[in-house]
Amino acid sequence: EADIYQTPRYLVIGTGKKITLECSQTMGHDKMYWYQQDPGMELHLIHYSYGVNSTEKGDLSSESTVSRIRTEHFPLTLESARPSHTSQYLCASSPGQGAHEQYFGPGTRLTVT
Amino acid sequence: SQKIEQNSEALNIQEGKTATLTCNYTNYSPAYLQWYRQDPGRGPVFLLLIRENEKEKRKERLKVTFDTTLKQSLFHITASQPADSATYLCALGNSNTGKLIFGQGTTLQVKP
């Protein structure tokens, strides 16, 4: 079992609210990722980080923002949630340089009403 | 643009048979390719990684092939079991960034 955690697992929230999805890993991995996945669809990369104070947007445009102040922590924030943000959000991490597998958290299922 | 194709139709097979899943890609030259398993409501779990200079990789009942000329990978599960029922994702990798591009996945159903 991978040591990567996401909270909350499920979140139902009203439009306009600010939310933060938490992601933590205890493996000391430099690289971390956020993906968005709708049912039956592929994972889309929305943010990634190479290390502390390094964040970049992914291939899928997202209104969310991320921060990486500590190696183990990579939170994602939505300043004003909308129904279009309803989705599954998956966090992952991987070690060092080169080809490595990614370790995924259990995901956060977000529903914006 | 880059495109990964996995069979969107579910694959139904009998227990004990070999399951073969296909991953085709275009407009990309990955340094490596990975296969993941995803159960409903869970995050993907890594299964196998194969590099561009490797033709085949095995792990227990799993085997993956990688043909960079055909731009195709095949994923085999031998002696399949009902517990193998899940969605299997193909992902193309970039060695410099570690970023992956995922396919939509193929759902495998193994019937007892």
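Structure first, text after, so check above.
Residues numbered from 1 in each chain as written. Chains lettered and ligands numbered in written order. Predicted model: local features only at pLDDT ≥ 70, side-chain atom pairs only at ≥ 80, totals over all residues. Heavy atoms only, no water.

Draft legend 1. Expanded view of the overall build of chain B. Counting its regular elements, chain B contains zero helices and 11 strands. Beginning at the N terminus, the succession of helices and strands in chain B can be written as β-β-β-β-β-β-β-β-β-β-β. The globule rule puts the C-alpha radius of gyration for 112 residues at 13 Å, and the 13 Å found for chain B is close to it. Taking the principal axes of its C-alpha atoms as reference, chain B extends roughly 40 × 30 × 20 Å. Pairs at least 24 apart in sequence give 55% of the contacts found in chain B among residues at least 6 apart. Of the accessible surface of chain B, which amounts to about 5600 Å², a share of 45% is contributed by carbon and sulfur atoms. On chain B, the mean spot of the 14 positive side-chain charges and the mean spot of the 10 negative ones are 2 Å from each other. (Helix = DSSP H or I, 4+ residues; strand = E, 2+ residues; numbered from the N terminus. Rg over C-alpha atoms; globule rule 2.2 N^0.38 Å. Contact = heavy atoms within 4.5 Å. Areas by Shrake-Rupley, 256 points an atom, 1.4 Å probe, with all protein chains shown as cover. Lys, Arg positive; Asp, Glu negative; His and termini not counted. Charge placed at Lys NZ, Arg CZ, Asp CG, Glu CD.)

Draft legend 2. The arrangement of the nonpolar core in detail. One finds B:Leu33, B:Trp35, B:Phe75 and B:Tyr88 to be the most contacted residues of the largest nonpolar core, which totals 23 residues. Contributing elements (two or more residues each) for this core: β3 (19-26), β4 (32-38), β5 (45-51), β7 (62-67), β8 (72-77), β9 (86-93) and β11 (106-111) of chain B. (Core = buried A, V, L, I, M, F, W, Y, C linked by side-chain atoms within 4.5 Å. Buried < 20%, exposed > 50% of the residue type's maximum accessible area, 1.4 Å probe, protein only.)

Draft legend 3. The arrangement of the side chain of B:Asp84 in detail. Position of B:Asp84 relative to the elements: it lies in the loop between β8 and β9. Leaving out residues up to four positions away in the same chain, B:Asp84 has contacts with B:Arg37, B:Arg61, B:Ile77, B:Ala79, B:Leu108 and B:Val110.

Draft legend 4. Structural context of the sheet that holds strand β6 (residues 56-59) of chain B. Residue and element names in this part refer to chain B. Read from one edge of the open sheet, five strands run β1-β3-β8-β7-β6, paired in antiparallel fashion. In this open sheet, the two strands that pair with only one neighbour each are β1 (3-6) and β6. In this sheet, neighbouring strand axes are inclined to one another by 15 degrees on average, regardless of whether the strands run parallel or antiparallel. Bridge count for β7 against β8 is six bridges, and the pairing is antiparallel. Of the residues in β8, the one forming a bridge with Lys63 is His76. (Pairing = 2+ DSSP bridges. Axes fitted to C-alpha atoms, helices over the stretch in contact; angles between N-to-C directions.)

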